[in-house]
Amino acid sequence: MSWSVVATASAVAPSKNELPQSLCSSSSTSSGVVLCFSSIFPNSFRFRRSSFYPSSQLTEKRKANTVPNSTSRSTQLICRAAAEYKFPDPIPEFAEAETEKFRTHLIKRLSKKDIYEDSVEEVVNVCTEIFSTFLHTEYGGPGTLLVLPFIDMAETVHGRGLPGASQAARVAVKWATNHVDKDWNEWTGSD
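Caption draft 1: The arrangement of the environment of Y116 in detail. Tracing the sequence through the fold places Y116 in the loop between helix 3 (92-110) and helix 4 (120-137). Linking Y116 and G164, residues 48 residues apart in sequence, is a C-alpha distance of 6.6 Å. Not counting chain neighbours up to four residues away, the residues in contact with Y116 comprise L110, V123, P163, G164, Q167 and A168. At 3.2 Å, the side chain of Y116 forms a polar contact with the backbone nitrogen of A168.

Caption draft 2: Spatial organisation of the pattern of salt bridges. Using the criterion set out here, one finds two salt bridges in the structure. One salt bridge in this structure joins D183 and K101, with 3.5 Å as the shortest N-O distance. With D183 in helix 6 (residues 165-188) and K101 in helix 3, this pair connects stretches of sequence that are 82 residues apart. For D183, a relative accessible area of 9% translates into the label buried.

Caption draft 3: Representation of the confidence of the model for the chain. With 55% of its residues at a pLDDT of 70 or more, the chain shows a mean pLDDT of 73. The model gives residues 1-53 a pLDDT under 50, and that stretch makes 72 contacts with residues more than four places away or in other chains.

Caption draft 4: Region of the structure containing the packing of helix 4 against helix 5 (residues 148-159). With their axes 9 Å apart at the nearest point, helix 4 and helix 5 run at an angle of 150 degrees to one another. Classified by the interaxial angle, the pair formed by helix 4 and helix 5 is roughly antiparallel. Seen along the crossing, helix 4 lies across helix 5 with a hand that is right-handed. Counted together, V123, V126, C127, I130, F131 and F134 of helix 4 and P149, F150, D152, M153, T156 and V157 of helix 5 form the full contact between these two elements. Residues of the contact of helix 4 with helix 5, tallied by class, amount to ten nonpolar, one polar and one charged.

Caption draft 5: Spotlight on the nonpolar core. With 28 residues, the main nonpolar core has L110 and F131 as its most contacted residues. Counting only elements with at least two residues in this core, the list comes to helix 3, helix 4, helix 5 and helix 6. In this structure, F131 is in contact with E98, F102, F150, M153, W175, A176 and V180, ignoring residues within four places of it in sequence.

Conventions we followed
- Residues numbered from 1 in each chain as written.
- Predicted model: local features only at pLDDT ≥ 70, side-chain atom pairs only at ≥ 80, totals over all residues.
- Heavy atoms only, no water.
- Helix = DSSP H or I, 4+ residues; strand = E, 2+ residues; numbered from the N terminus.
- Contact = heavy atoms within 4.5 Å.
- Polar contact = N/O pair within 3.5 Å; in protein donor to acceptor, adjacent residues only side chain to side chain.
- Salt bridge = Lys/Arg side-chain N within 4 Å of Asp/Glu carboxyl O.
- Buried < 20%, exposed > 50% of the residue type's maximum accessible area, 1.4 Å probe, protein only.
- pLDDT = per-residue confidence, 0-100.
- Axes fitted to C-alpha atoms, helices over the stretch in contact; angles between N-to-C directions.
- Parallel < 35°, antiparallel > 145°, perpendicular 65-115°, else oblique.
- Left-handed = near helix turned anticlockwise from the far one by under 90°.
- Nonpolar A, V, L, I, M, F, W, Y, C, P; charged D, E, K, R; others polar.
- Core = buried A, V, L, I, M, F, W, Y, C linked by side-chain atoms within 4.5 Å.

So this is what it looks like as structure tokens:
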């Protein structure tokens, strides 16, 4: 069934029998209007059935969209296999090389910005230390590059009272998303 929210108080709501049970609360008014999602929507909102599909087409469409048990079972098996997949351990030599590339790029990019003045080196040191720790302890190839180290970079730079925390983190995350996974694949010889 297709439903739309109508913002007028005079709109007629369908009877409780026409509403899907997952949408209805057990409360109804004396006029037969069922208040759905009453805790989310103000009382002035009512639901009405759209006349886009006749009701016979709706039941046929619902039957066509049901997923057979075999498909959902195979999906469960794939999800279980993905959950059991073990990523490779971090490679210290890769982490060292990638950290040096990261540091060089960050110094080049941040020294062009006027907001850092004399604190470029300190901002780069903070970001490089966090990134290096992440690469040595967490990163195990494509699919393991997380956003948390970059959030930590911004918070640490800001917490130390240094300028341009969000800009430094933005430059760092952009470089990492463009290079780290690709460099890992080159380092390990995988696709």
